[in-house]
Amino acid sequence: MIIDSKGNKWYKGNLHTHTTSSDGKLPSGESAKLYKSLGYDFLSFTDHWITSETSDYEGMLLISGVEYDVFDGDSCYHIVGHFLDEKPKLFLGCTPNEIISEIRRCNGTVTLAHPAWSLQRPHEMAALDHVDFTEIYNSVSGYPYSARPYSGTLIDVAAMLGFRAVLTAADDTHYYEEDAGRGFVYVKADTLSPDSVRKALLRGDVLASEGPFAEWRVDNGFFKVHIPDGCEHVQFFTSRCWNPDTTSRGGTVYDAEYKIKSNDRFVRAEIVGFDGKTAYTQYHFIDGGSG
Ligand SMILES: [Zn+2]
Ligand SMILES: [Zn+2]
């Protein structure tokens, strides 16, 4: 847990974890022990087609979760449910929107996992009924297990088509080697309870990260980022292909800002540390922009 410059608590957690209940290499007890030792405040076991329950491991919150993997035609979808009041009743061959609908019936939240790894089509993302969260970074989708851990460009394109989801990061641990602990969220919540963490996630009070911590806000026409420990550079992303002032660098960067232009439709930022590890803010969408 991190306390920010205004005294807010940011709890650290991994919302996407596999165990021997499906294709992970550790049983849930050993997995929980590992994440507790890494300083995590919450964790969710999201085995394929197997729903875990909300509980507690030595003060670390365990949030109920499950991951459904389906094909719709030749399009691959991995959809994760969290905060479930009951086990969804789903069957192999169901459609992505049927999964979303059933997760919602169980009062759960919906995450579109690792869209780049899945080679998700942006127009198909925009056509999903409603997605609460999507992973801009997923560790196991990258080296040395696979090759597409970063989904930012894809999500930016989908955002231009109307896709709206809170950005998260997760390690999606399967192997407990080079994947565990390399992607997580900081969530600004009042307390470490399922309800408080859920509400904070849905509000977008979330920083997706591989390591760095940062605060951000929109103030008087500027998107501002503050990095308490400093970073190598801050990169702003907008809906336009060319913007002259989207990189802040030089020495150690503690504060960066981007002046929002009249034709920007969205702005977000990535904070890159000297070790290359990156943190990802949420989108700020601007109504009425022409892009
Ligand atoms: Zn998956
Ligand atoms: Zn997974």
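Predicted, not measured: the structure shown is a model, and the values here were computed from it.

Among all positions in helix α5 (residues 194–203), only V197, A200 and L201 are buried. Down the axis, α5 shows its buried residues gathered within 100° of arc, on one side only. Directly after α5, the chain includes G204, whose backbone phi takes a positive value near 85°.

Right, let's talk about the sheet that holds strand β9 (residues 133–138) for a bit. Taken in spatial order, the five strands of this open sheet run β6-β7-β8-β9-β10, and their pairing is mixed. Two strands close off the open sheet at either side, each with one partner strand: β6 (65–72) and β10 (166–170). The average angle at which neighbouring strand axes cross in this sheet is 35°, direction not considered.

This part takes up the domain arrangement of the chain. Assigned domains of the chain: these are domain 1 (9–206) and domain 2 (215–285). Between domain 1 and domain 2, the residue contacts involve eleven residues of the former and six residues of the latter. Secondary-structure elements contributing two or more residues to the side of domain 1 that touches domain 2 are β9, α4 (152–160) and β10. Examining the composition of the side of domain 1 that touches domain 2, we find that four residues originate from one element, α4, more than from any other.

With respect to the secondary-structure elements, S31 resides in helix α1 (residues 28–37). Residue classification places S31 among the buried residues on the basis of 23 C-beta atoms within 10 Å. In this structure the C-alpha to C-alpha distance between S31 and S193, which are 162 residues apart in sequence, comes to 20 Å. Look past the residues within four positions of S31 in its chain and what remains in contact with it is T17, T19 and L26.

A few words on unusual backbone geometry. The step from Y143 to P144 runs through a cis peptide bond, and the omega angle for that step is 0°. The residue P144 is located in the loop between β9 and α4 in this model. Of note, the phi angle at F83 is positive, near 60°, even though the residue is not glycine. Relative to the elements of secondary structure, F83 occurs in the loop between β7 (75–82) and α2 (96–105). Classification of F83 as buried rests on a count of 21 C-beta atoms within 10 Å.

Another aspect to go through is the pairing of strand β8 (residues 109–112). Covered by surrounding structure in β8 are T109 and T111 together with V110 and L112, the residues of both alternating faces. One ladder, built from four bridges, connects β7 with β8; its direction is antiparallel. Looking at the pairing, V80 lines up with T111 of β8. Viewed along the sheet, the connection from β8 through helix α3 (residues 122–127) into β9 turns out right-handed.

About the cut-offs
- Residues numbered from 1 in each chain as written.
- Chains lettered and ligands numbered in written order.
- Predicted model: local features only at pLDDT ≥ 70, side-chain atom pairs only at ≥ 80, totals over all residues.
- Buried ≥ 20, exposed ≤ 12 C-beta atoms within 10 Å, placed from the backbone.
- Helix = DSSP H or I, 4+ residues; strand = E, 2+ residues; numbered from the N terminus.
- Arc of directions from axis to C-beta.
- Pairing = 2+ DSSP bridges.
- Axes fitted to C-alpha atoms, helices over the stretch in contact; angles between N-to-C directions.
- Domains from an automatic or database assignment.
- Contact = placed C-beta atoms within 7 Å.
- Right-handed = clockwise from strand over helix to strand, strands pointing away.

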